[in-house]
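Structural overview
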Amino acid sequence: MDLYDLLMKRRSVRNFDAREIPAEIVAKLVAAANNAPTGGNLQPLTIVVVREVERRAKLGEMVGGQPWVKNAPLSMIFCLDFFRLKRWAEASGTAFRGEEALSHFLIAYADVMCAAQTVVILAENYGLGSVYIGTILFAVDQAREYFAIPRFVLPVMVLSLGYPKTVPKNIPKLAAEIVVHLEKYETLSDEAILDAFEDKYGEIDENVERYFERAFVEAVEAERQEREERLEAIKEGMKRLQIKNNAEFLFRLRYPADFMVELNANMVDSFKNAGFECFGS
Ligand SMILES: Cc1cc2nc3c(=O)[nH]c(=O)nc-3n(C[C@H](O)[C@H](O)[C@H](O)COP(=O)(O)O)c2cc1C
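Anyway, here's the lowdown on the structure attached to this text. (Residues numbered from 1 in each chain as written. Predicted model: local features only at pLDDT ≥ 70, side-chain atom pairs only at ≥ 80, totals over all residues.)

Thoughts on unusual backbone geometry
Put simply, the rule is: Comment: burial labels come from other C-beta atoms within 10 Å of the residue's own C-beta, placed from the backbone, where a count of 20 or more is buried, 12 or fewer is exposed, and between is partly exposed. A run of H or I in DSSP counts as a helix once it spans at least four residues, and a run of E counts as a strand once it spans at least two, with each numbered from the N terminus.
A positive phi angle, near 55°, is found at Ala-148, a position not held by glycine. Classification of Ala-148 by C-beta neighbours within 10 Å gives exposed; the count is 7. At Glu-183, a residue that is not glycine, the phi angle is positive and equals roughly 70°. Position of Glu-183 among the secondary structure elements: in the loop between α8 (176-179) and α9 (190-201).

Some points on the site of the ligand
Convention followed: Near residues are defined by distance alone, with the backbone-placed C-beta atom required to lie within 6 Å of the molecule or strand. Under the scheme applied here, ten amino acids are nonpolar (Ala, Val, Leu, Ile, Met, Phe, Trp, Tyr, Cys and Pro), four are charged (Asp, Glu, Lys and Arg), and all others, including Gly, are polar.
Taken together, Arg-11, Ser-12, Arg-14, Gln-66, Val-131, Tyr-132, Ile-133, Gly-134, Thr-135, Pro-168, Ile-171 and Glu-218 form the complete shell of residues around the ligand. A total of 3 residues in the shell around the ligand trace back to one element, the largest contributor, which is strand β4 (residues 129-133). Across the shell around the ligand, the residue classes tally to 5 nonpolar, 4 polar and 3 charged.

Looking at the sheet that holds strand β3 (residues 74-81)
Test applied: Whether two strands pair depends on DSSP finding at least two bridges between them. In this analysis, axes come from line fits to C-alpha atoms, helices being fitted only over the stretch in contact, and the angle between any two N-to-C directions falls in the range 0 to 180 degrees. The contact criterion used is a C-beta to C-beta distance within 7 Å, with each C-beta placed from the backbone.
The strand order β2-β3-β5-β4 describes an open sheet built from 4 strands, whose pairing is antiparallel. Of all the strands in the sheet, the pair left with one neighbour each is β2 (45-50) and β4. Here the average twist between neighbouring strands, direction ignored, is 25°. Summarising the sheet, β2 and β3 pair through 6 bridges and their orientation is antiparallel. Paired with Val-50 across the bridge in β3 is Ser-75. Contacting β2, β3 and β5 (153-162), helix α3 (residues 53-62) crosses the sheet at an angle of about 115° to β2. Contacts from helix α6 (residues 102-125) reach β2, β3, β4 and β5, with the element oriented near 10° to β5.

Some thoughts on the pairing of β3
Buried residues dominate β3, accounting for 8 of its 8 residues. Pairing between β3 and β5: 8 bridges, direction antiparallel. By the bridge assignment, Phe-78 is partnered in β5 with Met-157.

Concerning the packing of helix α2 (residues 23-34) against α6
What counts, and what does not: Geometric relationships in this document are graded by angle, where less than 35 degrees denotes roughly parallel, more than 145 denotes roughly antiparallel, 65 to 115 denotes roughly perpendicular, and other angles denote oblique. In this scheme the crossing of two helices becomes right-handed for a clockwise turn of the near helix relative to the far one and left-handed for an anticlockwise turn of less than a right angle.
It is at 8 Å that the axes of α2 and α6 come closest, and there the two elements cross at 140°. When the axis of α2 is compared with that of α6, the two are oblique. Regarding α2 and α6, the two cross each other, and that crossing is right-handed. Judged by residue contacts, Lys-28, Leu-29, Ala-32 and Ala-33 of α2 engage Ala-115, Thr-118, Val-119, Leu-122 and Ala-123 from α6. For the contact of α2 with α6, the residue count by class is 7 nonpolar, 1 polar and 1 charged.

Spatial relationships are all this shows, so hold off on functional conclusions.
Laid out in C-alpha coordinates, this is it:
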(Lines give C-alpha, C1' and ligand atoms only; values in the text may rest on other atoms or scores of the structure.)
Protein backbone atom coordinates (compact mmCIF):
# COMPACT_ATOMS: atom_id res chain seq x y z
CA MET A 1 0.00 0.00 0.00
CA ASP A 2 1.12 3.55 -0.75
CA LEU A 3 2.57 5.18 2.40
CA TYR A 4 0.02 8.01 2.14
CA ASP A 5 -2.88 5.55 2.11
CA LEU A 6 -1.32 3.67 5.02
CA LEU A 7 -1.08 6.87 7.07
CA MET A 8 -4.59 8.00 6.15
CA LYS A 9 -6.04 4.74 7.39
CA ARG A 10 -3.92 4.59 10.58
CA ARG A 11 -5.90 4.73 13.80
CA SER A 12 -4.87 4.25 17.40
CA VAL A 13 -5.58 0.60 18.14
CA ARG A 14 -6.59 -0.53 21.62
CA ASN A 15 -7.85 -4.02 20.90
CA PHE A 16 -5.13 -6.55 20.11
CA ASP A 17 -5.18 -10.26 19.38
CA ALA A 18 -2.92 -12.62 21.31
CA ARG A 19 -0.35 -13.15 18.50
CA GLU A 20 3.22 -12.37 19.50
CA ILE A 21 5.19 -9.93 17.40
CA PRO A 22 8.12 -11.81 15.79
CA ALA A 23 11.53 -10.87 17.20
CA GLU A 24 12.82 -9.80 13.74
CA ILE A 25 10.01 -7.27 13.49
CA VAL A 26 10.68 -5.90 16.97
CA ALA A 27 14.36 -5.61 16.05
CA LYS A 28 13.47 -3.58 12.95
CA LEU A 29 11.10 -1.32 14.90
CA VAL A 30 13.76 -0.38 17.43
CA ALA A 31 16.47 -0.09 14.77
CA ALA A 32 14.30 2.39 12.87
CA ALA A 33 13.63 4.30 16.10
CA ASN A 34 17.36 4.50 16.70
CA ASN A 35 17.83 5.87 13.18
CA ALA A 36 15.29 8.69 13.65
CA PRO A 37 16.30 12.36 13.48
CA THR A 38 17.75 13.72 16.73
CA GLY A 39 18.87 17.26 17.57
CA GLY A 40 22.67 17.60 17.29
CA ASN A 41 22.71 13.82 16.77
CA LEU A 42 22.91 13.52 20.57
CA GLN A 43 20.44 10.59 20.79
CA PRO A 44 19.04 11.31 24.29
CA LEU A 45 16.79 8.26 24.00
CA THR A 46 16.44 4.88 25.66
CA ILE A 47 13.62 2.50 24.81
CA VAL A 48 12.63 -0.06 27.44
CA VAL A 49 11.00 -2.98 25.61
CA VAL A 50 8.37 -4.64 27.80
CA ARG A 51 7.04 -8.07 26.82
CA GLU A 52 6.72 -10.06 30.05
CA VAL A 53 3.09 -10.53 31.07
CA GLU A 54 3.58 -9.44 34.66
CA ARG A 55 5.50 -6.31 33.70
CA ARG A 56 2.85 -5.43 31.09
CA ALA A 57 0.16 -5.73 33.74
CA LYS A 58 2.12 -3.56 36.15
CA LEU A 59 2.72 -0.93 33.46
CA GLY A 60 -0.99 -0.99 32.59
CA GLU A 61 -1.88 -0.27 36.22
CA MET A 62 0.68 2.52 36.47
CA VAL A 63 -0.72 4.43 33.52
CA GLY A 64 -4.18 4.56 35.08
CA GLY A 65 -5.60 1.12 34.37
CA GLN A 66 -5.67 1.19 30.59
CA PRO A 67 -6.46 -2.47 29.74
CA TRP A 68 -4.85 -2.39 26.27
CA VAL A 69 -1.41 -1.90 27.84
CA LYS A 70 -1.68 -5.23 29.64
CA ASN A 71 -3.31 -6.90 26.61
CA ALA A 72 -0.81 -5.68 24.01
CA PRO A 73 1.98 -8.24 23.50
CA LEU A 74 4.56 -5.44 23.49
CA SER A 75 4.96 -2.00 24.99
CA MET A 76 7.88 0.32 24.53
CA ILE A 77 8.69 2.88 27.20
CA PHE A 78 10.31 5.86 25.50
CA CYS A 79 12.70 7.54 27.90
CA LEU A 80 14.30 10.94 27.62
CA ASP A 81 17.82 9.96 28.65
CA PHE A 82 20.43 12.45 29.82
CA PHE A 83 22.13 9.89 32.09
CA ARG A 84 24.27 8.45 29.30
CA LEU A 85 25.30 11.87 27.99
CA LYS A 86 26.18 13.10 31.47
CA ARG A 87 28.28 10.03 32.26
CA TRP A 88 30.00 10.26 28.89
CA ALA A 89 30.76 13.95 29.30
CA GLU A 90 32.09 13.50 32.84
CA ALA A 91 34.15 10.45 31.94
CA SER A 92 35.60 12.56 29.13
CA GLY A 93 36.57 15.39 31.46
CA THR A 94 33.72 17.79 30.64
CA ALA A 95 30.12 18.46 31.74
CA PHE A 96 26.70 18.03 30.15
CA ARG A 97 23.95 19.91 32.01
CA GLY A 98 20.94 19.10 29.84
CA GLU A 99 18.77 18.44 32.91
CA GLU A 100 19.09 22.15 33.80
CA ALA A 101 18.64 23.53 30.27
CA LEU A 102 15.08 23.85 28.99
CA SER A 103 16.34 23.97 25.40
CA HIS A 104 18.06 20.59 25.77
CA PHE A 105 14.91 19.21 27.42
CA LEU A 106 12.52 20.38 24.71
CA ILE A 107 14.72 19.20 21.87
CA ALA A 108 15.25 15.85 23.59
CA TYR A 109 11.48 15.46 24.06
CA ALA A 110 11.05 16.12 20.33
CA ASP A 111 13.81 13.56 19.60
CA VAL A 112 12.01 10.94 21.66
CA MET A 113 8.75 11.57 19.82
CA CYS A 114 10.45 11.45 16.41
CA ALA A 115 11.70 7.98 17.34
CA ALA A 116 8.33 6.89 18.72
CA GLN A 117 6.42 8.06 15.66
CA THR A 118 8.90 6.24 13.43
CA VAL A 119 7.91 3.06 15.27
CA VAL A 120 4.20 3.87 14.81
CA ILE A 121 4.61 4.19 11.04
CA LEU A 122 6.85 1.17 10.54
CA ALA A 123 4.57 -0.92 12.77
CA GLU A 124 1.61 0.07 10.60
CA ASN A 125 3.59 -1.08 7.56
CA TYR A 126 4.00 -4.53 9.16
CA GLY A 127 0.25 -4.82 9.83
CA LEU A 128 0.62 -3.94 13.51
CA GLY A 129 -1.50 -1.43 15.40
CA SER A 130 -0.27 0.87 18.13
CA VAL A 131 -1.45 3.36 20.71
CA TYR A 132 0.47 6.01 22.60
CA ILE A 133 0.03 6.13 26.36
CA GLY A 134 0.80 9.64 27.57
CA THR A 135 -0.36 9.06 31.13
CA ILE A 136 3.03 7.58 32.01
CA LEU A 137 3.87 11.23 32.77
CA PHE A 138 1.72 10.94 35.90
CA ALA A 139 3.60 7.84 37.09
CA VAL A 140 7.20 8.84 36.56
CA ASP A 141 8.36 8.02 40.12
CA GLN A 142 6.66 4.64 40.08
CA ALA A 143 7.86 3.72 36.60
CA ARG A 144 11.43 4.74 37.41
CA GLU A 145 11.43 2.53 40.46
CA TYR A 146 9.78 -0.51 38.86
CA PHE A 147 11.84 -0.44 35.66
CA ALA A 148 15.11 0.49 37.44
CA ILE A 149 15.35 3.80 35.53
CA PRO A 150 18.20 5.92 36.93
CA ARG A 151 18.36 9.65 37.68
CA PHE A 152 18.52 11.94 34.64
CA VAL A 153 16.20 9.60 32.73
CA LEU A 154 12.48 10.30 32.34
CA PRO A 155 9.95 7.82 30.97
CA VAL A 156 7.87 10.25 28.89
CA MET A 157 5.82 8.07 26.56
CA VAL A 158 4.62 4.50 26.22
CA LEU A 159 3.72 2.92 22.91
CA SER A 160 1.72 -0.31 23.09
CA LEU A 161 1.73 -2.50 19.99
CA GLY A 162 0.14 -5.65 18.64
CA TYR A 163 -1.88 -7.15 15.82
CA PRO A 164 -5.26 -5.38 15.74
CA LYS A 165 -8.42 -7.27 16.52
CA THR A 166 -10.55 -4.21 15.82
CA VAL A 167 -9.70 -0.70 14.63
CA PRO A 168 -11.84 2.35 15.53
CA LYS A 169 -13.67 3.80 12.53
CA ASN A 170 -15.22 7.09 13.50
CA ILE A 171 -12.39 9.21 14.89
CA PRO A 172 -13.15 12.78 13.80
CA LYS A 173 -10.48 15.31 12.83
CA LEU A 174 -10.57 19.02 12.10
CA ALA A 175 -10.61 19.80 8.38
CA ALA A 176 -7.06 20.09 7.07
CA GLU A 177 -7.55 23.74 6.02
CA ILE A 178 -8.23 24.66 9.66
CA VAL A 179 -4.85 23.26 10.68
CA VAL A 180 -2.77 24.21 7.64
CA HIS A 181 -2.28 27.92 6.95
CA LEU A 182 -0.64 29.19 3.79
CA GLU A 183 2.36 31.49 4.12
CA LYS A 184 1.15 33.15 7.32
CA TYR A 185 -0.96 32.34 10.38
CA GLU A 186 -4.64 32.92 9.73
CA THR A 187 -6.43 33.97 12.91
CA LEU A 188 -9.94 32.55 12.83
CA SER A 189 -12.99 34.27 14.32
CA ASP A 190 -14.78 32.60 17.25
CA GLU A 191 -17.59 31.76 14.86
CA ALA A 192 -15.24 30.02 12.43
CA ILE A 193 -13.63 28.11 15.30
CA LEU A 194 -17.03 27.04 16.65
CA ASP A 195 -17.98 25.87 13.15
CA ALA A 196 -14.70 23.98 12.73
CA PHE A 197 -15.21 22.01 15.96
CA GLU A 198 -18.90 21.53 15.21
CA ASP A 199 -17.85 19.97 11.89
CA LYS A 200 -15.35 17.81 13.76
CA TYR A 201 -17.55 16.41 16.53
CA GLY A 202 -21.12 17.19 15.56
CA GLU A 203 -23.70 17.81 18.26
CA ILE A 204 -23.52 15.99 21.55
CA ASP A 205 -25.80 13.13 20.69
CA GLU A 206 -29.00 12.11 22.39
CA ASN A 207 -27.51 8.68 21.94
CA VAL A 208 -24.57 9.02 24.32
CA GLU A 209 -23.01 5.68 23.31
CA ARG A 210 -22.82 6.83 19.69
CA TYR A 211 -21.27 10.10 20.83
CA PHE A 212 -18.62 8.27 22.85
CA GLU A 213 -17.72 6.14 19.79
CA ARG A 214 -16.40 9.26 18.10
CA ALA A 215 -15.52 11.52 21.05
CA PHE A 216 -14.26 9.14 23.77
CA VAL A 217 -13.42 5.84 22.14
CA GLU A 218 -10.97 5.01 24.97
CA ALA A 219 -13.85 4.81 27.45
CA VAL A 220 -15.92 2.63 25.11
CA GLU A 221 -12.98 0.28 24.56
CA ALA A 222 -12.15 0.13 28.29
CA GLU A 223 -15.77 -0.78 29.01
CA ARG A 224 -15.65 -3.52 26.35
CA GLN A 225 -12.43 -5.00 27.65
CA GLU A 226 -13.02 -4.75 31.38
CA ARG A 227 -16.75 -4.17 31.85
CA GLU A 228 -16.01 -1.58 34.49
CA GLU A 229 -19.11 0.52 33.93
CA ARG A 230 -16.98 3.55 33.23
CA LEU A 231 -19.49 4.77 30.68
CA GLU A 232 -22.23 4.97 33.31
CA ALA A 233 -19.96 7.11 35.51
CA ILE A 234 -19.18 9.41 32.59
CA LYS A 235 -22.86 9.72 31.69
CA GLU A 236 -23.64 10.53 35.30
CA GLY A 237 -20.88 13.18 35.27
CA MET A 238 -22.33 14.71 32.11
CA LYS A 239 -25.72 15.01 33.80
CA ARG A 240 -24.32 16.38 37.05
CA LEU A 241 -22.25 19.05 35.29
CA GLN A 242 -25.01 19.72 32.74
CA ILE A 243 -22.55 19.27 29.88
CA LYS A 244 -24.03 20.95 26.82
CA ASN A 245 -21.32 20.80 24.18
CA ASN A 246 -18.09 19.12 23.14
CA ALA A 247 -15.75 21.71 24.64
CA GLU A 248 -17.50 21.42 28.01
CA PHE A 249 -17.25 17.67 27.79
CA LEU A 250 -13.50 17.87 27.21
CA PHE A 251 -12.50 20.70 29.52
CA ARG A 252 -14.97 20.36 32.38
CA LEU A 253 -15.34 16.60 32.55
CA ARG A 254 -12.56 14.74 30.76
CA TYR A 255 -9.69 17.17 31.35
CA PRO A 256 -11.06 19.60 33.96
CA ALA A 257 -9.12 22.82 33.40
CA ASP A 258 -8.32 23.60 37.05
CA PHE A 259 -7.39 20.02 37.84
CA MET A 260 -4.99 19.86 34.89
CA VAL A 261 -3.17 22.89 36.26
CA GLU A 262 -3.11 21.41 39.76
CA LEU A 263 -1.30 18.36 38.38
CA ASN A 264 1.75 20.52 37.64
CA ALA A 265 3.09 20.37 41.17
CA ASN A 266 3.29 16.56 41.36
CA MET A 267 4.67 16.27 37.87
CA VAL A 268 7.41 18.83 38.41
CA ASP A 269 8.28 17.11 41.71
CA SER A 270 8.64 13.74 39.98
CA PHE A 271 10.83 15.34 37.29
CA LYS A 272 12.94 16.91 40.04
CA ASN A 273 13.23 13.54 41.77
CA ALA A 274 14.81 12.33 38.53
CA GLY A 275 17.27 15.23 38.67
CA PHE A 276 15.54 17.51 36.13
CA GLU A 277 15.78 21.12 37.29
CA CYS A 278 14.88 23.01 34.11
CA PHE A 279 11.33 24.10 34.99
CA GLY A 280 12.06 27.14 37.10
CA SER A 281 11.44 27.25 40.85
C1 LIG B 1 0.80 12.37 23.15
C2 LIG B 1 -0.31 11.35 23.07
C3 LIG B 1 -0.78 10.75 24.22
C4 LIG B 1 -1.79 9.79 24.14
N5 LIG B 1 -2.18 9.12 25.29
C6 LIG B 1 -3.12 8.16 25.20
C7 LIG B 1 -3.46 7.39 26.35
O8 LIG B 1 -2.94 7.59 27.46
N9 LIG B 1 -4.39 6.40 26.20
C10 LIG B 1 -4.98 6.14 25.00
O11 LIG B 1 -5.79 5.21 24.93
N12 LIG B 1 -4.69 6.86 23.89
C13 LIG B 1 -3.76 7.84 23.96
N14 LIG B 1 -3.40 8.53 22.83
C15 LIG B 1 -4.05 8.25 21.55
C16 LIG B 1 -5.08 9.35 21.23
O17 LIG B 1 -6.21 9.18 22.03
C18 LIG B 1 -5.43 9.26 19.72
O19 LIG B 1 -4.28 9.53 18.96
C20 LIG B 1 -6.52 10.29 19.37
O21 LIG B 1 -7.74 9.94 19.98
C22 LIG B 1 -6.74 10.35 17.86
O23 LIG B 1 -7.05 9.08 17.35
P24 LIG B 1 -6.16 8.43 16.20
O25 LIG B 1 -4.78 8.17 16.75
O26 LIG B 1 -6.85 7.15 15.85
O27 LIG B 1 -6.10 9.41 15.09
C28 LIG B 1 -2.38 9.48 22.89
C29 LIG B 1 -1.90 10.09 21.74
C30 LIG B 1 -0.86 11.00 21.81
C31 LIG B 1 -0.33 11.61 20.53
